[in-house]
Amino acid sequence: MGNMVLGRSGKAVPKSNQLAESSPISLSLVLLLFFALVDSTSAQVDTTISQQESQSVVLPCPVNSEKCGKLHSLNWFKGDARIAAMLLGDSNVTSVNKEFDERVTVEQNPYRLVIKDLKIADEDIYLCDTTFFIPEETCDNFNGYRIELRVLVPPTEVVILDAKGDRLENGRVVGPMQERQSLKATCTVRNTRPQPEVSWFRGTKRLTTYSPTHDLINGLYTSTLELDWQLSREDLAQDFECRVKSAAIQNVTVTKFSVDLQVRPTSININGVKHHTVQGSKVVLTCDIRGARPAVNLTWYNTTTIISSDENEITEIRTKSLEKSDGTFHTQSELIFNATRFENDRVFRCEAENIVLQINREKPISSALTLEVLYPPVVKVSPSDIIANTSEIVLLNCEYVANPASLTQVEWYRNDDLVNVNDTTHYKGGNSENVALVIKATNKEDIGNYSCQLSNNIGKGTSDHKINLDVQYAPTVEILMIPKGPVKESDESNVTLFCNVLDANPSVLTKVRWYANSTLLKELPDCEETREDLCHIDPSKLLLESIGRGFFYNYSCEGFNAAGWGPRSEEKELLVHYEPGPATLSHFPLVAVKKKSVTFSCSVDDPGFPESNRFRWLRGGRGPLQDIVTKDWTVEPIDLDNRSNYSCYAYNEGGKGVMATVNLEVHAPPFFIRNLPQYTGILHTSPNATLTCRIECVPRCDISWQKDGVPIERNDTRYFVKEKYMDASPATGDFESMLSVLHFNMPNWPDSKFNIEDDNANYTCVSTGNTVGGSIRSRTYFGIEYAPENTTVSEKIVYVQEGTIPGRVICKSRANPEPSYDWIFKNQTIANGNALIINTPMTRNDNGTYTCLAYNKHGNSIAKTIIEVQFKPRCEIERQEIDDQDTLICIAYGNPIEADFSWSIKTENETDESLGSGKKENSDKSYYILQTDYAISRTYRCVANNTVGYGSFCEIEVAEQLAWWQLWEKNTLIILVAAILGLMLTVIIICCIIICICRRRRRQDKLNDKSSSLGEPLSEPGEYENLPFHGLQTAPNKPINAQIFDDEFIYADLESQHYGPINYKAASLYSQIKKNKKSGALGDIK
């Protein structure tokens, strides 16, 4: 620490001032020591931290440098033992107790102690003791920072055991059990820390139990709590819960079970009919049994007879059991039947029992109800049939039984219609005092089926059977015709008349009189001697044969039965239809005109019957037209299809009349089938050109041509006209027409082509008029077209800074038709239209040539503009040796290329020391010569700027002086390395050449030896003496004979090298060996 002194909780003090401040500092230390001792006696925990076992925990150490000054060191204590320390300074030395070395780390910023793989033994009070250089007066951190660390261990299991010691799974149902029976269970919480809180609950009510027992083994608690509880009805549908509460678990752990508790029913009640019911009503008797578990079995009784829905289809029993919230069952049984008079005064009883009553041998519980049924009268009438004549007295009897017996109403019905018994002139009786009905004088209205309906306070009763009363009277008739409708005269059909009985008793007619226009025609049957065929027939039928206009009458009839002749029927007319007479057809105007209208009129003198006002029309022999039935027919508009014949006739229900026919002539006024387009474009170099118009006109008309309103003469050699009168076209609906084609005779035009300026003109096709229309004309502007030319742009070069939007560039070109424009950049179309508008900021990649392409259907033309995107320069620094000087080169890359430079050195305090602009030889480079007297590492910085602005700094670290090769430029180094490689390659080639020469000389020497053995000298005089084997004898040119191999000469090739064409030594040795003929082996001969 040099010239510093330290305080336990203070700052460093300069040593020179120590003596001057020794007295106040000593006093401060004494006071701090006093307060520390006082505070240590009552040291309290500053915070408590809990964490799960095996997890990591972070213990914070708050350090307030503003209030206490600069921290010198800190120590961590576990209880009274120091486990870690940290000395702050340049090296920040940290020391951890070996026992905690692998699990404990000390961190700073913020200061904290990290304990990994937390163990139970780590639970303690931890102290973070801090020491400051010179403590400030405002510092309040004298006793350190105390943390109570609690290690949490969740229980491994919470288990419930029954009285036998068997484990009860969570949610299990125990039983069945009876009320007042004792329930015993034990809840055990195993292997947890801290000591848990264990309690028994039934629902939300805490149960009174013994105190729990807690066993501590290896720092973990095992807690046990017993339950001994007498069961009652209150325990129904309740869960018995063992609740465990501990800091080691987030929520209360609940393990529970329930008891299947059986109880007897508490009540039974039968209801449904309070006083009485009415016959025919649905009776629902409901039996409710409550408070039972399990549900009861229920039986219904009618007096003493068991009621079963299987034996009686009209009786239904519905039984259901609903479990209530308290676990008991509400059993409800419904006895459903329709009340009749037979259930009156009957006793209905409901009995119920469950297993609890059976086990305790108790009687089933029951409830009873007496049913009173009120019913309407039950009625019976007599006799079943009565036949009477008119004006006779008839008695109708009616008998009944009912509850109540008093009647409130008596009603008689004839054919289900109410009889007015209050008409005392015709009826007697039919009331509550005298139920029977008497008819004083019968007539035909009394015929029918009679029934009696009686009512009391409950309802009505009607007799099941009826009395049939029959009264005879004279017939009432009407005329019927078959066929019913009018008869056509042309059909010559027959008509049958029927005299139909409307009302009679008996209904069979024995005689009929027939009338025509109120005159008697015939009475049937006719049994005179001359007309025997009319005697045995049905008199109610009359046949009329071959109906014509003479049968047009009003017919009627009279009928006779046992009661006599009835009244004559109403008259009915027999209608006979016949067709109209011949038709007459005319039209206006006499000559029709295309697209106008013509009206046809059809008339007849004899309208027929019924009178005709409907007509049928035909065109061209086809029809009739279904949608036109009037006498007048207007056809519009007239077209080619209307040039045809037209026919008409009148018709009615009797048929159709004779047809009339006329032919229609149609004319057409001048009308353009093919007119001139508003604009006609032609390429000025086209070899031919034509204008065509076609005019429909009947009668025929003529066509002429005009240029700018002036007629084109026939003798004008620049043109010629071709005409043709064309037939009508049914496919298109066009009438006869005149076709005229104006040809441009191009060889007679100047330069055989059109002038793009002078030959633009208006050409007109003009027709003459005819009898139905006047002259018409069509005009076209004849435009001379050409490809785009003289394409220009408003700006040849556009300068724009990077990140900004350039102004628009306008492209113009001359062409007909007007050209379209595309702007192309890098072979891609980026815009359409003559204006180049860029709405996005430019980047340096957008720099380049933009091409305007003007085009129409005849060709295209281009113009170009250059967009220069200017941007701030970026720089790079290279280090080279230039003219034996270590030089830094700053190279700028920007647009514009011209740049200024600024050199600087980054100092130790992160400031820059300016070095000037350097030496600038090129517009984009600056040179700075390094000094040779530096001995430390330096960072040189360079920044370049152009007209756009300053770029970013570039740096180079210069650690030391460059080696000799580092001072060279990159190209110089490449040349030097290439020269060295070339020299090495040359040496290798020379060595290869020497080796080849040596090998060739060696082969040549072998040839010289061979020549010498043949007596031909192969060497120059004097050369042989210089050889290494000079003085040796020349080897013979044949194998050595082993038998005479006793010379003492040494041959040149015997031991080492073989210079001759054969191996003389090997050949000599081989001659000494011969094969042993007896043994087949090789042997040596000496």
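Residues numbered from 1 in each chain as written. Predicted model: local features only at pLDDT ≥ 70, side-chain atom pairs only at ≥ 80, totals over all residues. Heavy atoms only, no water.

The helix and strand inventory of the protein chain stands at five helices and 83 strands. Residues counted as buried form 37% of the 1086 residues belonging to the protein chain. At a minimum sequence separation of 6, the contacts of the protein chain that also span at least 24 residues come to 64%. Surface accessibility of the protein chain: about 64200 Å² in total, with carbon and sulfur atoms responsible for 49%. (Helix = DSSP H or I, 4+ residues; strand = E, 2+ residues; numbered from the N terminus. Buried < 20%, exposed > 50% of the residue type's maximum accessible area, 1.4 Å probe, protein only. Contact = heavy atoms within 4.5 Å. Areas by Shrake-Rupley, 256 points an atom, 1.4 Å probe, with all protein chains shown as cover.)

Let us now look at the sheet that holds strand β10 (residues 124-132). The sheet built from six strands is open, its strands ordered β3-β11-β10-β5-β6-β7 with mixed pairing. The open sheet has two edge strands with one neighbour each: β3 (47-52) and β7 (93-96). Looking at each pair of strands side by side, their axes are set apart by 20 degrees on average, direction ignored. In the sheet, strand β6 (residues 81-87) pairs with β7 via four bridges, with the strands oriented antiparallel. Along β7, the bridge assignment pairs L87 with V93. (Pairing = 2+ DSSP bridges. Axes fitted to C-alpha atoms, helices over the stretch in contact; angles between N-to-C directions.)

Before going further, it helps to examine the pattern of salt bridges. Using the criterion set out here, one finds 37 salt bridges in the structure. As a salt-bridge pair, D235 and R202 come within 2.6 Å of each other at their nearest N and O atoms. Here D235 is found in the loop between β19 (220-230) and β20 (239-245), whereas its partner R202 is found in strand β16 (residues 197-202), with 33 residues between them in sequence. With relative accessibility at 0%, the residue D235 sits in the buried group. Residue R202 is classed as buried on the basis of its relative accessible area of 9%. (Salt bridge = Lys/Arg side-chain N within 4 Å of Asp/Glu carboxyl O.)

Together, V977, I980, L981 and M984 make up a nonpolar patch on the protein surface, roughly 380 Å² of accessible area in all. In this fold, L981 is placed in helix α4 (residues 970-1013). With a relative accessible area of 54%, L981 lands in the exposed category. (Patch = residues over 30% accessible without salt bridge, like charges linked within 9 Å, V, L, I, M, F, W, Y side chains within 5 Å.)

Structurally, N449 can be placed in strand β38 (residues 448-455). Under the relative-accessibility criterion, N449 is labelled partly exposed at 33%. Taking the C-alpha atoms as reference, N449 lies 6.2 Å from L469; in sequence the two are 20 residues apart. Every residue in contact with N449, bar those within four places of it in the chain, is listed here: Y413, R414, N415, K466, I467 and N468.

Once that is clear, we can look at the pairing of strand β58 (residues 660-663). Burial along β58 is one-sided: A660 and V662 are buried, while T661 and N663, pointing the other way, are not. With four bridges connecting them, strand β56 (residues 645-652) and β58 associate as antiparallel partners. By the bridge assignment, C648 is partnered in β58 with A660.

The next point concerns the side chain of E696. Positionally, E696 belongs in strand β61 (residues 689-698). With relative accessibility at 1%, the residue E696 sits in the buried group. A distance of 2.5 Å separates a polar atom in the side chain of E696 from a polar atom in the side chain of K594. Among the polar contacts made by the side chain of E696, one reaches the main-chain amide nitrogen of F735 at a distance of 2.4 Å. Setting aside its immediate chain neighbours within four residues, E696 contacts K594, A668, P669, P670, F671, I673, G733, D734, F735, E736 and S737. (Polar contact = N/O pair within 3.5 Å; in protein donor to acceptor, adjacent residues only side chain to side chain.)

Our next topic: the confidence of the model for the protein chain. For the protein chain, the mean per-residue pLDDT works out to 84, and 87% of the residues sit at or above 70. For residues 1011-1086, every residue scores under 50 in pLDDT, and the model assigns this stretch 62 contacts once sequence neighbours within four places are set aside. (pLDDT = per-residue confidence, 0-100.)

All right, on to the pairing of strand β44 (residues 511-516) then. Note: β44 against strand β47 (residues 554-561), six bridges, orientation antiparallel. Bridging from a neighbouring strand, A516 pairs with Y555 of β47. In textbook terms, the turn of a hairpin is the stretch between consecutive antiparallel strands, and for β44 and strand β45 (residues 519-524) this stretch comprises two residues, one of which, N517, has a positive phi near 50 degrees.

As a further point, take the state of the cysteines. In protein chemistry, a disulfide is the covalent bond that joins the sulfur atoms of two cysteines. According to the stated counting rule, one finds 13 disulfides in the structure shown. With a sulfur-sulfur separation of 2.1 Å, C287 is cross-linked through a disulfide to C350. One quick way to see it: the torsion about the S-S bond of C287 and C350 is about -80 degrees, and its sign makes the bridge left-handed. With C287 in strand β24 (residues 282-292) and C350 in strand β29 (residues 346-353), this pair connects stretches of sequence that are 63 residues apart. The burial state of C287 is the same as that of C350; both residues are buried. Shown here is the disulfide that connects C875 with C954, its sulfur atoms set 2.1 Å apart. (Disulfide = S-S within 2.5 Å.)

A few words on the sheet that holds strand β41 (residues 473-482). Pairing in this open sheet of three strands is antiparallel, and the strands run β41-β43-β46 from one edge to the other. The sheet is open, and its two edges are formed by β41 and β46 (541-544), each paired on a single side. Adjacent strand axes in the sheet meet at a mean angle of 20 degrees, parallel and antiparallel pairs treated alike. For strand β43 (residues 495-505) and β46, the ladder comprises four bridges, and the chain directions are antiparallel. Paired with V495 across the bridge in β46 is L544.

Turning to the environment of V435, a few remarks are in order. Relative to the assigned elements, V435 resides in the loop between β36 (427-429) and β37 (437-439). Judged by relative accessible area, V435 falls into the buried class, the value being 11%. In the structure, V435 is positioned 25 residues away from V410 in sequence and 6.8 Å away in space, judged by C-alpha atoms.

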